[in-house]
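Commentary on secondary and tertiary structure
If you want the building blocks of each chain, they are given just below.
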Amino acid sequence: MEVSKRLKSIPPYVFAEIAKKSQAAAARGVDVINLGIGDPDQPTPRHIVDAMHEALENPINHHYPPFGGTKEYKTAVAEWCKNRFGIDVDPNTEVTSLIGSKEGLHNTIMAFIDQGDINIIPDPGYPVYRTSTILAGGEPYFMPLTPENNFLPDFDAIPQAVLDKAKLLMISYPNNPTAGIADLAFFEKAVAFCKKHNILLCHDLAYSEMTYDGYKAPSIMEVKGAKDIAIELHSLSKSYNMTGWRIGFAIGNAEAIKAIGQIKSNIDTDIFRAIQMAAIAGFTGPTDHITFCNNLYVERRDLAVERLTKLGWPVKPIKATFYMWLPTPPGMSSAEFSNLMLDQAGIVVPPGVAYGPGGEGFFRMSLCVEKERLAEAFDRMAKHAITFDMAKAKV
Ligand SMILES: *Cc1c(COP(=O)(O)O)cnc(C)c1O
């Protein structure tokens, strides 16, 4: 048996490697603290679970769902978008359901990238941008995201030769893994740039509700004329604690939405109707769980900032997402640091390189564990003298 060249062509999945190591440590009796996952620790809100129970009892929902989402789901999406961002999308032509935005990202790439085409993506970035591009036979071009550029790419630095072959450009704010945020002015630049070069712009908005200190994340569709060139992928996973349910949606350019739907209808048969009903309950129901969870993340963030500062790290409080993107101690690669954290302190943190070559010199720490557990992680770092020496970093 031999797997496809396609499969062999994608880079090794760093997370699988980490999982293996952390399982081995747990088997040795180590009490592993996982600060690697991006999965909310709180349960799905009660009213969403209740709606699912009710929908399950109705046999109408047991059949194949329609392609692209039920009329009710797409209408609820459009209404939510109107209420949340003040934007208008036509539920019939400018909305499609997604089995989570990961699926949407892959199928957007499948719909637009041919052999030899370029997909312009952020580095570091969510790994799917890169791997799905390679699976499609295309080539990723990396836009560097650095603390110096506030994790916002410089579009003007993209060479003309790249633009000539580019079909797609992907951005994501609030950002995973850097927690960078973008304002409407940046989105305006992105829209104008992609219009000028006739490149589909895909905005991955997985963290729209996970924002703090009064910050509210905009939709790229708030930019005038964005629908001419852009789509935006949304997910209920993070904001509604629904990672396991697999539901999201895409909005925007009707031609692109249609193309994604064509790919999807040949591969999947949409989302279980009962899950769509539950998601509608999420869109239309109370939002106090969002406030509750965001307060939890803020408490954890503040603890992390305080303790990391004590350990010498240069760290700023994040305004969105539940990720902290931190430099590795001077002289240490991201893989070395990740190994050190697990071997000495029993803490899992993904190395920055897992998110692209530009992630070298960084690691990601997520805030998906209870405050007490997080405090324990910092106690262990202090005990093993895992610190950041600012004086060494400056030379
Ligand atoms: C979590 C995440 C996704 C995937 O979300 P699902 O809807 O669960 O597939 C997509 N993009 C980014 C940036 C994410 O962090």
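Computed from a prediction, not measured in an experiment: that's the story for all the values here.

Attention now goes to the domain arrangement of the chain. We note that the domain assignment places domain 1 (5-43 + 288-394) and domain 2 (47-284) within the chain. The distance between the C-alpha centroids of domain 1 and domain 2 comes to 26 Å. At the junction of the two partners, domain 1 supplies 32 residues and domain 2 supplies 32 residues. Carbon and sulfur atoms make up 64% of the surface buried where domain 1 meets domain 2, a total of about 2,900 Å² over both sides. Sorting the residues of domain 1 by area buried against domain 2 places Lys319, Thr321 and Trp325 first, and these three jointly supply 21% of that buried surface. Counting across the interface, domain 1 meets domain 2 through 2 salt bridges.

Turning next to helix 12 (residues 334-345). If you check helix 12, its first and last C-alpha atoms are 16 Å apart, about what 12 residues at 1.5 Å a residue would give, namely 16 Å. Among all positions in helix 12, only Ser334, Phe337, Ser338, Met341, Leu342 and Ala345 are buried. Projected down its long axis, helix 12 carries its buried residues within an arc of 130°, all on one side.

Before going further, it helps to examine the pattern of salt bridges. The tally for this structure, following the rule as stated, stands at 20 salt bridges. Of the charged contacts, one joins Lys195 and Asp228 as a salt bridge, the two residues approaching to 3.1 Å between their closest N and O atoms. Here Lys195, found in helix 8 (residues 184-197), pairs with Asp228, found in the loop between strand 6 (200-205) and strand 7 (230-235); they are 33 residues apart in sequence, far enough to count as distant. Between Asp268 and Lys264 there is a salt bridge whose closest N-O contact spans 3.0 Å. A relative accessible area of 12% places Asp268 in the buried class.

Counting across every chain of the model gives 21 aromatic pairs. Where Tyr173 meets Phe186, the ring centres are 5.4 Å apart and the plane angle is 75°; that geometry is what we call edge-to-face. Highlighted residues: Tyr173 in the loop between strand 5 (166-171) and helix 8 and Phe186 in helix 8, separated in sequence by 13 residues. Just as Tyr173 is buried, Phe186 falls in that class too.

Attention shifts here to the site of the ligand. Around the ligand, 14 residues are found, and the nearest of them are Asp204, Tyr207, Ser235, Ser237 and Lys238. One nitrogen or oxygen atom from the main chain of Lys102 is found 2.9 Å from an oxygen atom belonging to the ligand. Between Tyr207 and the ligand, the recorded distance is 2.6 Å, taken from a side-chain N or O atom to an oxygen atom. For the ligand, the protein covers 94% of the area, taking 390 Å² as the surface of the free molecule.

Let's shift gears to the packing of helix 11 (residues 288-310) against helix 13 (residues 371-383). Describing two packed helices takes the angle between their axes plus the distance from one axis to the other. Direction vectors running N to C along helix 11 and helix 13 enclose 10°, while the axes themselves pass 10 Å from each other. Put simply, helix 11 runs roughly parallel to helix 13. Between helix 11 and helix 13, the residues in contact are Glu299, Arg300, Leu303, Ala304, Arg307 and Leu308 and Lys371, Leu374, Ala375, Phe378, Asp379 and Met381, respectively. For the contact of helix 11 with helix 13, the residue count by class is 7 nonpolar, no polar and 5 charged.

This next bit is on the packing of helix 4 (residues 71-85) against helix 10 (residues 273-284). Close contact between helix 4 and helix 10 brings their axes to 9 Å; oriented N to C, the two are set at 20°. If you check the angle between helix 4 and helix 10, you find them roughly parallel. Helix-helix and strand crossings are classified by hand; for helix 4 and helix 10 the assignment is left-handed. For the pair helix 4 and helix 10, the contacting residues are Glu72, Tyr73, Ala76, Val77 and Trp80 in the first and Gln276, Ala279, Ile280 and Phe283 in the second. Per-class residue counts for the contact of helix 4 with helix 10 are 7 nonpolar, 1 polar and 1 charged.

Here we take up unusual backbone geometry. With omega at 5°, the peptide bond leading from Asp123 into Pro124 counts as cis. Secondary-structure assignment places Pro124 in the loop between strand 3 (118-123) and helix 6 (127-135). The step from Asn176 to Pro177 runs through a cis peptide bond, and the omega angle for that step is 10°. Structurally, the position occupied by Pro177 is in the loop between strand 5 and helix 8. Despite not being glycine, Asp270 shows a phi value in the positive range, around 60°. Following the sequence through the fold, Asp270 ends up in the loop between helix 9 (254-267) and helix 10. Given the relative accessible area of 11%, Asp270 is considered buried. Even without a glycine there, the phi angle at Ala385 is positive, about 55°. With respect to the secondary-structure elements, Ala385 resides in the loop between helix 13 and helix 14 (390-394). The class of Ala385 is exposed, set by a relative accessible area of 56%.

Here is what the cut-offs are and how they apply
Residues numbered from 1 in each chain as written. Predicted model: local features only at pLDDT ≥ 70, side-chain atom pairs only at ≥ 80, totals over all residues. Heavy atoms only, no water. Domains from an automatic or database assignment. Contact = heavy atoms within 4.5 Å. Buried area = accessible area lost by both parts, 1.4 Å probe. Salt bridge = Lys/Arg side-chain N within 4 Å of Asp/Glu carboxyl O. Helix = DSSP H or I, 4+ residues; strand = E, 2+ residues; numbered from the N terminus. Expected span 1.5 Å × (residues − 1). Buried < 20%, exposed > 50% of the residue type's maximum accessible area, 1.4 Å probe, protein only. Arc of directions from axis to C-beta. Phe/Tyr/Trp six-rings, centres within 6.5 Å; stacked < 30°, edge-to-face > 60°. Near = heavy atom within 4 Å. Polar contact = N/O pair within 3.5 Å; in protein donor to acceptor, adjacent residues only side chain to side chain. Areas by Shrake-Rupley, 256 points an atom, 1.4 Å probe, with all protein chains shown as cover. Axes fitted to C-alpha atoms, helices over the stretch in contact; angles between N-to-C directions. Parallel < 35°, antiparallel > 145°, perpendicular 65-115°, else oblique. Nonpolar A, V, L, I, M, F, W, Y, C, P; charged D, E, K, R; others polar. Left-handed = near helix turned anticlockwise from the far one by under 90°.

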